[in-house]
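# Structure assessment
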Amino acid sequence: MWEGKMGGKNSSENSRISAPPGDLPSGEFSCAASLQAMATAGISGISGISGILGSLLQLEENFSSCLARIDALVLKPLLQAEPQDPKEKENFQLLVLLNDRFQSLWNFTEENSRILRGKSQLENSGCIQDFSILWKGEVFLSLYIQYFVTFANFVVVQGFEQAARSKSDAWKLHKAVLKEFLRDFTSESSLGLALHLVLHKPFQEHIQGYLQLLSQLHEQLQEGSERDVVATVLQEFGKLESFISQVLDEAVFTKELWKSLGYKFTDVLCVPERRLLEDSRNLPIASGAARSERLLLFDDVLVLIQGNSFQSFDLKLVWVDENCGEKSAPGLHSLRITTPEETFVLSTKDPQMKAVWRWKLEQAVRQALNGKRDFPLWGRSGEGSEAPSRRFFTYVFRMEGRLRGATYEGEWLWGKPHGKGTLKWRDGRNHVGDFQEGLEHGFGICLVPQRSEDRYDCYKCHWYQGKMRGYGICEYGNDLVYRGYFKDNVRQGFGILENFSAEHPFRYTGHWENDKKNGYGVWDDKERGERYIGMWSDDLRHGEGIVVTQSGLCYQRTFHAGKMVGSGILLLEDDSVYEGNFTEELTFVGKGKLSLANGFVLQGTFSSRGGRGLSTHGVLSTAPEPRRQLDQLGLKEFPVEKRWTGIFEQFLEFLHSGCKEETEESYTGFHIQTSKELRKSQEYLCCQRGSEEIFWKIEEILEDLVEHTGPEALQGYLEKALESSLHPLGKLLRALTAAFQATFAGIGANRHLLAMAQDEVKFYSRKIWEFYLGLLRVALERKGRAPAEDADPSLGKGPSLVLPLILPGFYPELSMLYMLQHQREDELYCQGIVELSLFPDIQLLEFLDVQKHLWPLKDLTLTSNQRRSLIKDKCFLSATECLQKLITTVDPREKLEILRKRISRNVPFHMGNTRNVPSHLTDTRNV
C-alpha cells in the first residue's frame, strides 16, 4: 500500500474557490456531471505536452471548484448538526475525521493548481518536470487512500443514513436547499444515498481524468526513462482506481451484513474498520460436525455462528491447510483450520469453492499479519503469496489445560508456540526461552514464585518436550544453588548443591536420583568443619563412607539411614590406628584395637566414664607387630570406575546422539559454573562467532579430529583441546576437575586419601582417551568411513599420552597430599642436611668418598680457619639455586626437568662411607 505524508494547508481559505448556497446557479447541481463534461472537453483538444499540462490545470481547477461546493453545501451543514445520543456521537467523530481527510485533499489540489498555473505561464513550459503528479505521486495516492478508507468506515456504520435522519433544526432547513441541487435526493429515504454519492463519485471520476491525461502523456513521449516514469505512475493510479472500487464494494457488503444480524452480534462484532470479505451464505462452506450454521470471514477475524452464539478467531493465529490429513465424506472437499487451542475442518461440495475459500483465507491471514491491506485489496484469483507458517504474536490461553490463563508472546508454527518466546502464568510463573510444538524445548529460564515468601526459584536449564532435562543452574529462593543435571523436572545424575546462608553453609557434590542424593557423593559441612566422602540413599548417608575433619582426623565407617553402624577405622594425627566401634564424638566404645605409633597395641573393651576419661579392659602388647597398610582409605570401598558415573554418562549420551551442536551444552555444559556464564553460553550458540571460536564448533572439531591422528599431531591436538573450554574434551576435563577438587581440596587434603586421588587422576586419563576415541568414531562415521582395524600401535598408549597433559590441573591438590604423606620423611631429611652442613669441609669430602685429586682445594694443609670453603662457595650455592627453582616452579613437568638436569651432572660420589653420619641419613628410602 502506498503510504505518503498528508499535504499541509498551503493554500489559505481565501484562495479557495468557494461559493455560498445563494450564489449557486438555480439549475441542476451535479458535481460528477460537470466534472465529466469538463474532462471530456479538456482532453479532446490536447496538442502536445503543453496542451496536456493545460488540460491538467483545468482539471484541477474544476475539481477544486467542485470540492468547494461540496464543502459548502454538504459537509459544513452536516458538521453543524452534532447529535446528542452517545452512540451517534461515535459516528459523528468519524464524520469529523472524514472532513479532515477532505480538507487535506482539497488543500493539496489547490496547491497543485497553483504550481501548474505558475508553470503554464512560463515560456519554456511543457516539459515532463512540470507535472507534479509524477514527482509527488505517493502523496497523491496516500491522500486518496486515507480519504476513501475513512469514507468506507463511515459507510459501514451507516453514517450517511444516520446523518440524513438528523433532527437538528439547521439540518432540517438545509434539506430544502439540498433537494434543489442534488438530483439523487428525490425523497426523504434517498437522502442518505445522495450524500453517499456526492462524497465519493466526484473523486472517482477525477481519478479517471488523471488516468486519461497520463495515458495521453505516455503516448506523447518516446522510449526512455521519462516514459518509464509516466508508465509507473499510470500503473499506480490504475491500482488506485481498483482499490477505491474494492473498498466501496467491501463497505457496502459489510454494511448489509450488520443490517441483517441482530444487535447481539453487531454490538460485539461491528467495528468501523472491520470488513466482511466472504460469507458462507454467498459462497457455501460448512464446518465439520455441525459446528456452525454460518461462517463469516472478516479482514481480521474468522467468525463461526451457531444459533445465538458465535466464536471468533484472530486471523493472525489461523493456519489454513488444504491437506487436512483426514478422510472427507464422499463428495466433500475439506480445509483444515488450525488455531492455538482448536482445530476444525471446513468442507465444500465444489473443488472450485474450496480453492476460492482457501485463497481468500490465505490472503486475509497474510494481510492481517502485515498489518495493512494490499494495494489494491485483491488481485486475480490465485495471485498473492501464502501466509507464512512462522509468526510472532501474543495470545492468552483460555481452555482447560496446563496453559489455561497463561499468556504467550513469541514465535508460532502451525498453531503452537515454536521458537523464541515468553510464557507467563497468572500465579507468577514465567518461562523465557525456546519452544517446540507448544512445549518448552531447548534452553530456557523459568521463575517459580515461593508461596510463603516474596522470593523466586530461578531455573536456568535445558528443556526437552516440556520438562527440564540436561545441564542447568537453579537458584532457589532460600539461598540454595544447584548446578548439575536434570531429568523430567527433577535433579538426576551429577550435580552440586550449595547453601550460601550464614547459618548452615554446606556443599554436596555427587549423584542424584529422583531429586534426592543417591549414590557416590561428597558432603562438606562448613559449620562443623568436616567432609563426608561416600555413599548416599534418599538424601541420607547409606553405605561405606569416609569422614575427614578439619583437625586432621580421618575415619571410615558403614552408615545406615544416616547413622553409623558396625565397626570402623579411625586414623589419628599421631599415626595411631583404632579399629572398632566409636561414637560420632569419636569416643571409643565396645571392643576395639588401638595400634599406637610406637608399635604398642592395646586390644580390649573401651568405655567412657562420663567426662572422667577413657577406661579399657584388655591387653597391652609391647612387642613390635608388623603394621597393616591401613593408612590409605577408600580404594576397595569406592572403586574408581564407580565414583563419577553421572559425569561420564552425560558425555556418552552426547556421543550416542551423534554429537549434535544443539544438544552439546545440554550434555556437556557442566564446565559452566555460574548463571551469567550459562546465559552467555546460550547467547554464544545463537550469535556470530569469531574465527577462533568457529574453530571449536562441533562440525569443525570433528573435521579437525580426523586430520590429527598421527602421533606427533595428536599430542598437539590433545593439548590444545584440553586447554579449551569450548572443546568437548576440555569440557569433560573441567567437570572432572570440579569433582576432584570437591573431594581432595580444602578439608579433604588428608594424607590418607593420597592413593585414592592418584587412582582417580589415572582413571580420568583413561576416560578422556575413551571419549576421544568416541569422538573420532563419530567423525569417521560422518565421512562414511569405519575406524581402521590396524590402527597406529601408539594409539593404544593413549592414556599415558593424556596423563601428562591433565596432571597440571590437579597439581595443587596432589602436591598438598604428597607433602602431607611424606611430611615426616621430609623432616628427617631436612634434619640430616642440617647435620651434614656442620661437618668440616675435609671431613665432608672424605664422607662423600671424593678422590683427593678432585678436591677443589689448592692447599690441603690449610685448616678451615685459614681459608673459606670452596664447597660452600660452589656446591652449596648451586644446591640453593636448584632448590629456589623448584620452589618457584608450579608446573610439575618443569620441576622434573630441573631435577633431571641436576642429576645428569657427573659428580662422582658414593654413599659407602657412613662413619660419623646420622643413622637416618643412611636409609636411602627416606631420600
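Residues numbered from 1 in each chain as written. Predicted model: local features only at pLDDT ≥ 70, side-chain atom pairs only at ≥ 80, totals over all residues. Heavy atoms only, no water.

Another point: the overall build of the chain. Helix and strand content of the chain: 25 helices and 27 strands. Put simply, the chain has 927 residues, and 48% of those count as buried. Across the chain, the fraction of contacts at a sequence separation of at least 24, relative to all contacts at a separation of at least 6, is 51%. Taken as a whole, the chain presents about 47500 Å² of accessible surface, with 51% of it coming from carbon and sulfur. (Helix = DSSP H or I, 4+ residues; strand = E, 2+ residues; numbered from the N terminus. Buried < 20%, exposed > 50% of the residue type's maximum accessible area, 1.4 Å probe, protein only. Contact = heavy atoms within 4.5 Å. Areas by Shrake-Rupley, 256 points an atom, 1.4 Å probe, with all protein chains shown as cover.)

With that out of the way, let us pick up the pairing of strand E5 (residues 309-314). Sheet topology note: the strand E4 (residues 301-306)/E5 ladder contains 6 bridges and is antiparallel. Counted as the bridge partner of Val-301 is Asp-314 from E5. As consecutive antiparallel partners, E4 and E5 are separated by 2 residues, and within that stretch Gly-307 has a phi angle of approximately 65°, a positive value. (Pairing = 2+ DSSP bridges.)

This part covers the sheet that holds strand E1 (residues 276-279). The pairing of strands in a sheet comes from backbone hydrogen bonds and takes either a parallel or an antiparallel form. Strands sit in the order E1-E3-E4-E5 across an open sheet of 4 strands; the sheet is antiparallel. Each edge of the open sheet carries a strand with a single partner, namely E1 and E5. Here the strands of the sheet are splayed against their neighbours by 20° on average, with no regard to which way each runs. Against the sheet, helix H10 (residues 225-260) touches E1 and strand E3 (294-298), its axis set at about 60° to E1. In the packing of helix H12 (residues 351-370) onto the sheet, the strands contacted are E1, E3 and E4, and the crossing angle to E3 comes to about 40°. (Axes fitted to C-alpha atoms, helices over the stretch in contact; angles between N-to-C directions.)

A word on the packing of aromatic side chains. Within this structure, the stated rule accounts for 50 aromatic pairs. Ring geometry for Phe-102 and Phe-203: centres 6.1 Å apart, planes at 80°, overall edge-to-face. Separated by 101 residues along the polypeptide, Phe-102 in helix H3 (residues 86-120) and Phe-203 in helix H9 (residues 201-220) bring together distant segments of the chain. For the pair formed by Phe-102 and Phe-203, the shared burial category is buried. (Phe/Tyr/Trp six-rings, centres within 6.5 Å; stacked < 30°, edge-to-face > 60°.)

To continue, consider the environment of Tyr-408. Following the sequence through the fold, Tyr-408 ends up in strand E10 (residues 407-413). C-alpha separation for the pair Tyr-408 and Asn-430, spaced 22 residues apart in sequence, amounts to 9.9 Å. For Tyr-408, the contacting residues outside a window of four places in its chain are Phe-393, Thr-394, Tyr-395, Phe-397, Pro-417, His-418, Gly-419, Lys-420, Gly-421, Thr-422, Leu-423 and Phe-435. A polar atom in the side chain of Tyr-408 sits 2.8 Å from the backbone oxygen of Glu-411. (Polar contact = N/O pair within 3.5 Å; in protein donor to acceptor, adjacent residues only side chain to side chain.)

A few words now on the side chain of Asn-499. Checked against the element boundaries, Asn-499 lands in strand E17 (residues 490-499). Polar contacts involving the side chain of Asn-499 include one to the main-chain carbonyl oxygen of His-504, which spans 2.9 Å. Discounting chain neighbours no more than four positions away, the residues touching Asn-499 are Asn-478, Asp-479, Leu-480, His-504, Pro-505 and Phe-506.

Moving on, we get to the pairing of strand E12 (residues 430-436). In terms of burial, E12 is largely enclosed, as 5 of its 7 residues are buried. Where strand E11 (residues 416-424) and E12 come together, 6 bridges link them in antiparallel fashion. Residue pairing in the sheet places Leu-423 in a bridge with His-431 of E12. Hairpin connection of E11 to E12: 5 residues between the antiparallel strands, including Gly-428 at a positive phi of 105°. Where E12 meets strand E13 (residues 439-449), 6 bridges bridge the pair, whose relative direction is antiparallel. Across the sheet, the residue bridging to His-431 is Cys-446, located in E13. Between the antiparallel neighbours E12 and E13 lie 2 residues, among them Glu-437 with a positive phi of about 55°.

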